[in-house]
Structures are given as C-alpha cells and as structure tokens.
Amino acid sequence: MTPAETPETAAETTDTRARPTVRLRPKAEARAIRHGFPWVYADELVLDRRTQALAPGTLAVLEDADRKPMGLVTVNPLSKIVARMLDRDAEAQIDVAWLTARLSHALAMRETLYDAPFYRLVHAEADGLPGVIIDRFGDTAVIQPNAAWAEAHLDALQEALVAVTGVQVIVKNGAGRARQLEGLVEETTVLSGAPEGPVPVQMNGATYMADVLGGQKTGLFFDQRDNHAFAARLGRGGRVLDMFSHVGGFGLAALAAGATSALAVDGSEPALKLAQQGAEAMGMAGQFETRQGDAFDTLEALGNEGAQFELVVCDPPAFAPNRKALDAGLRAYERIARLAAPLVAPGGYLVLCSCSHAADLAQFRNSSARGIGRGGRRAQLIHTGFAGPDHPMLPQLAESGYLKALVFRLNG
C-alpha cells in the first residue's frame with residue numbers, strides 16, 4: 001500500500017458526489033443485501049482495476065448489476081468481505097453526527113437493560129457499525145476497530161463516544177485475527193485518559209477485575225453474563241470447577257451465589273491472578289483456588305485424582321473459528337465433554353460452551369452429547385443459553401449469534 005492509500009485517506013470527504021461506485025456482479029444475490037445482509041464478498045463484486053485500487057476503508061456507493069444504488073458501503077479490496085453496508089442512504093455523511101446517532105441508539109437499549117454502565121455498547125453489524133466492538137467499563141471504554149473504515153474514522157468515533165457516554169478513558173484494542181483479515185496492523189494504545197490498573201466490574205454479585213490494556217480481548221467477556229447467572233444457581237452448596245476460567249467468570253459467580261468452593265483453571269497466569277484478586281475483593285479468597293495449565297491435561301489429571309464437583313463448566317476459546325477448522329474443532333468439543341463428564345458428581349451439572357462461528361448449535365450439541373456418552377455418563381439437556389442482549393444478533397447474519405451454552409444434568 002502506497003502512502004497515498006493509507007486508511008486515513010479513506011475517511012469521509014465533504015462532497016458525497018465525489019464518491020466512487022462499486023457494482024455487484026449479475027449473479028450476485030442483490031435481494032439478500034436489500035433485505036438486510038450486510039456483507040458483499042469478493043466473488044460478488046466487480047473487482048476491476050479501479051475498484052482494486054481503492055484504499056482500504058474507502059466509502060463507496062454500492063450499485064446492483066443494473067446500476068441502481070443500493071446504499072453506502074465501505075470497501076476493502078484486501079478483505080474477503082470486500083464491502084460492508086453502512087447506510088441504506090447512498091448519500092449519507094459518515095461524520096461525528098452520524099456516529100453519534102448510531103451510538104445513542106445503541107446506548108438507549110443498554111441503559112434500559114442494565115443499572116450500571118458495564119456492558120457491550122456496540123456489537124458490530126448488529127448495532128449498525130460494521131466491524132466495530134465497544135465494551136464499556138464505567139468511565140472507561142475499549143474500542144476494537146476491526147474494519148478498515150473504522151480505523152479511518154477512529155478520531156470521529158472517539159469524539160462521538162465521549163459525547164454520547166462521557167467516558168474519560170478510551171483504549172484502542174487493535175489485536176486479533178479480524179484486523180489481520182482486514183490488512184490492519186495490530187496495536188493496543190490509549191487514545192485518551194489514563195487507565196489506573198484493572199477495572200473492578202460487578203456482575204451477578206461477583207467482582208471481576210478487567211485488564212483493559214493487557215487482558216484478553218477487551219479485558220472481560222460480558223457475553224456470558226446471563227449464562228454465569230444460570231449456572232451459578234446450579235452450584236449452590238456445591239463444589240465448582242471452572243475450566244478456561246479467564247478472570248474467574250463462572251467460578252466467581254458461583255461463589256457469589258453460594259457455592260462452597262471453586263477451582264479456576266486457565267493457561268494464563270495473569271488471568272488467574274486477576275481472578276484471585278476478584279475473589280479477594282469479594283472476601284472469598286479462602287474458597288477460591290486456581291490452577292494454571294493446559295485444559296486437556298488438567299482434566300485428565302483431575303480424573304486420575306478422582307476429583308468430583310457438583311458443577312463443572314468448560315468455556316474454551318473458539319475451537320472452530322472458520323470452516324476449515326470445523327471438523328477438528330468438533331472433535332475438540334467432544335473430547336472436552338468426554339474428559340469433563342466423569343468429574344461431575346451424580347446428579348450434578350455440566351456446562352459446555354462454544355464461541356465458534358463455524359460450529360452451529362446442532363453440531364455443537366451433537367459433539368457434546370457424544371463426548372458425554374463416551375465419558376460413560378447419561379445426561380439431560382436442561383437449558384440452552386446464548387450471548388446476553390448487549391450482544392444482539394443481526395437476523396440476516398448467522399455469525400453474529402456465535403455463543404452457545406449447553407447445560408446438562410448428569411444422571412449416571
């Protein structure tokens with residue numbers, strides 16, 4: 001990319017008439033886009049020399065094969081998702097006012113749902129801001145600009161965010177696979193304010209410590225909030241095993257709900273230290289134990305030790321992040337279930353989670369059931385959970401409904 005083609009040059013111009021146009025191929029499914037599907041793939045767009053020369057993040061008017069305008073898109077010739085729909089109005093001005101309107105709309109729902117300002121404020125396409133994630137931690141916000149257009153408009157997005165929420169600290173988390181696919185560099189930096197260590201977050205009676213600078217993703221997974229609450233009820237009065245615990249998600253919630261003890265297992269020592277700090281802040285350090293190590297090895301070791309728990313939760317990273325990894329990912333989910341099932345005390349509960357886009361609910365459920373059976377147990381599926389409402393799903397985009405949580409009661 002030449003200096004003239006950096007993302008900054010793709011930012012909005014004041015003259016919308018100067019925008020380039022891009023056109024769908026005749027065989028592209030224009031109807032799906034008109035009905036709300038937000039993406040145009042590389043094989044659906046006419047990628048002539050002019051279009052391929054557009055800087056990543058350029059705003060363009062999308063036309064159908066008959067040259068009828070369909071809306072305003074952001075174009076990135078470097079990505080498999082070559083165009084993302086921003087506005088059905090092809091003449092929309094993408095500026096602070098436009099961003100403020102989108103953020104205000106997103107905030108209104110979160111303020112209705114939650115009493116405290118700790119939630120996902122923007123969930124990408126589902127909130128009308130393609131590729132943009134914003135998690136809010138009180139007066140701190142973490143932005144993930146995972147699309148080239150968002151990187152180009154980052155200053156305006158930051159200004160709108162402050163105007164709408166009044167946050168004083170803004171962190172840009174520019175790490176992850178999504179940015180790589182957009183051809184963007186990875187970097188994490190403070191855009192405004194000065195973070196003062198991990199941010200304490202109160203959820204479901206538990207205290208979580210979110211490292212907004214050095215933690216995984218934005219520092220905390222808000223998407224499991226409702227699943228934490230459901231599982232925590234099942235752990236009352238019992239022993240809890242929280243595998244892939246990160247900063248103590250399920251384990252700390254279970255302690256807050258009345259579990260007698262919780263063992264948190266994760267491969268990250270920093271994450272476990274934050275989990276321990278959360279337990280200490282709750283006054284429950286004596287009931288909370290951590291173990292660092294590989295999850296599969298630890299499950300096998302616990303089995304050999306004859307360990308038993310009334311509640312076992314396995315919330316791994318995405319084993320099937322894409323179609324190529326699907327078969328291997330489903331085998332990994334089955335193996336997790338096989339190793340975890342024997343650790344559940346008779347009549348206890350097993351919670352298995354997947355955040356894999358490529359594995360749909362039926363595939364994940366089948367792999368989990370096979371694993372439980374291979375682990376020598378019989379099960380009832382009593383609940384299926386998804387991401388909380390601050391992670392809305394765009395109905396036309398299955399990928400936005402990525403999280404699945406299966407709750408089983410093990411009978412034998």
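Notes on the structure follow. Here the structure is a predicted model, which means the values were calculated and not measured. (Residues numbered from 1 in each chain as written. Predicted model: local features only at pLDDT ≥ 70, side-chain atom pairs only at ≥ 80, totals over all residues. Heavy atoms only, no water.)

### Focus: the nonpolar core
In summary, soluble globular proteins display a tendency toward joint burial of nonpolar side chains. As a reminder of what qualifies: Remark: nonpolar core denotes a set of buried residues (Ala, Val, Leu, Ile, Met, Phe, Trp, Tyr, Cys) joined through side-chain atoms within 4.5 Å. Burial classes follow relative accessibility: with a 1.4 Å probe on protein chains only, a residue under 20% of its type's maximum area counts as buried, one over 50% as exposed, and anything between as partly exposed. Where helices and strands are cited, they refer to DSSP runs of H or I of at least four residues and of E of at least two residues respectively, numbered from the N terminus. Contact definition: two residues touch when any of their heavy atoms are within 4.5 Å.
Ranked by internal contacts, the top residues of the largest apolar core, which has 43 residues, are F137, V201, Y208, L220, L252 and F288. Ranked by residue count, the leading element in this core is helix α8 (residues 249-257), at five residues. Beyond its immediate stretch of four places on either side in the chain, V201 contacts F118, F137, A206, T207, Y208, A210, L220 and F222.

### Things to note about helix α12 (residues 361-374)
Under the convention used in this document: Multiplying 1.5 Å by the helix residue count minus one yields the expected span of that helix. Here the arc refers to the directions that run from the helix axis out to each C-beta atom. The definition of a polar contact used here is a pair of N or O atoms within 3.5 Å, where within protein one atom must be able to donate a hydrogen and the other to accept one, and adjacent residues in sequence count solely through side-chain atom pairs.
An ideal rise of 1.5 Å per residue puts 20 Å on 14 residues; α12 measures up with 20 Å between its terminal C-alpha atoms. Along α12, the positions that sit buried rather than exposed are F364, S367, S368, G371 and I372. Projected down its long axis, α12 shows its buried positions confined to an angular sector of 135°, all on one face. Among the structural elements, α11 (326-340), β17 (344-354), β18 (379-385) and β19 (404-410) are those in contact with the buried residues of α12. Capping of α12 at its N-terminal end is provided by D360; its side-chain oxygen lies 3.2 Å from the backbone amide nitrogen of A362.

### Re the sheet that holds β18
Heads up, the rule is: In short, DSSP must find at least two bridges between two strands for them to pair. Interaxial angle, 0 to 180 degrees, is taken between N-to-C directions of lines fitted to C-alpha atoms, where a helix line uses only the stretch in contact.
Reading across the sheet, the seven strands line up as β15-β14-β13-β16-β17-β19-β18 and stay open at both edges, with mixed pairing between neighbours. The open sheet has two edge strands, β15 (288-292) and β18, and neither has a second partner. Between one strand axis and the next, the sheet turns through 15° on average, direction left out of account. With four bridges joining them, strand β13 (residues 239-243) and strand β16 (residues 309-314) adopt parallel strand pairing.

### Notes on unusual backbone geometry
Backbone geometry places R67, a non-glycine residue, at a positive phi of 65°. A residue is classified by how much of its surface remains accessible, and R67, at 52% relative accessible area, is exposed.

### Some remarks on the packing of helix α3 (residues 96-113) against helix α5 (residues 154-165)
When two helices pack together, their arrangement is given by the angle between their axes and by how far apart the axes lie. The criterion, for reference: Each angle is binned into one of four classes, with values under 35 degrees roughly parallel, values over 145 roughly antiparallel, values of 65 to 115 roughly perpendicular, and all other values oblique. It is the rotation of the near helix from the far one that decides the hand of a crossing: anticlockwise by less than a right angle makes it left-handed, clockwise makes it right-handed. Note on residue classes: Ala, Val, Leu, Ile, Met, Phe, Trp, Tyr, Cys and Pro are nonpolar, Asp, Glu, Lys and Arg are charged, and everything else, Gly too, is polar.
Two elements in contact, α3 and α5, have axes separated by 9 Å at closest approach and are oriented at 45°. One way to sum up the angle between α3 and α5 is to call them oblique. Note on packing geometry: the crossing formed by α3 with α5 is right-handed. In this structure, α3 contributes V96, L99, T100, L103, S104 and L107 to the contact, and α5 contributes A156, L157, E159, A160, L161, V164 and T165. Along the lines of polarity and charge, the residues of the contact of α3 with α5 split into nine nonpolar, three polar and one charged.

### Here's the deal with the packing of helix α10 (residues 295-305) against α11
At a minimum axis separation of 9 Å, α10 and α11 run at an interaxial angle of 25°. When the interaxial angle is binned, α10 and α11 end up roughly parallel. As for the relative orientation of α10 and α11, their crossing is left-handed in sense. Contact residues: α10 offers F296, L299 and E300, while α11 offers A332, R335, I336, L339 and A340. Classifying every residue of the contact of α10 with α11 by side-chain character gives six nonpolar, no polar and two charged.

### Concerning the environment of P69
Along the polypeptide, P69 turns up in strand β4 (residues 69-75). Not counting residues up to four positions away in its chain, the partners in contact with P69 are V61, L62 and E63.

### Things to note about the sheet that holds strand β6 (residues 118-123)
What the five strands build is an open sheet, ordered β6-β7-β8-β9-β10; its pairing is mixed. Each edge of the open sheet carries a strand with a single partner, namely β6 and β10 (187-192). In this sheet, neighbouring strand axes are inclined to one another by 20° on average, regardless of whether the strands run parallel or antiparallel. The sheet contact formed by β6 and strand β7 (residues 132-137) spans five bridges and is antiparallel. Paired with R120 across the two strands is D135, which belongs to β7.

### Thoughts on the pattern of salt bridges
Opposite charge on two side chains allows them to pair when their charged atoms are near. Let me state the cut-off plainly: Salt bridge criterion: a side-chain nitrogen from Lys or Arg within 4 Å of a carboxyl oxygen from Asp or Glu.
All told, the structure shown has 16 salt bridges when counted by the stated rule. Here D87 and R102 are joined by a salt bridge, their closest N and O atoms 3.3 Å apart. Linking D87 in strand β5 (residues 81-87) with R102 in helix α3, this pair joins segments that are 15 residues apart in sequence. Among the residues examined, D87 registers a relative accessible area of 14% and is labelled buried. A cluster of three or more residues bridged by salt bridges with shared partners is formed by E151, K172, R179 and E187.

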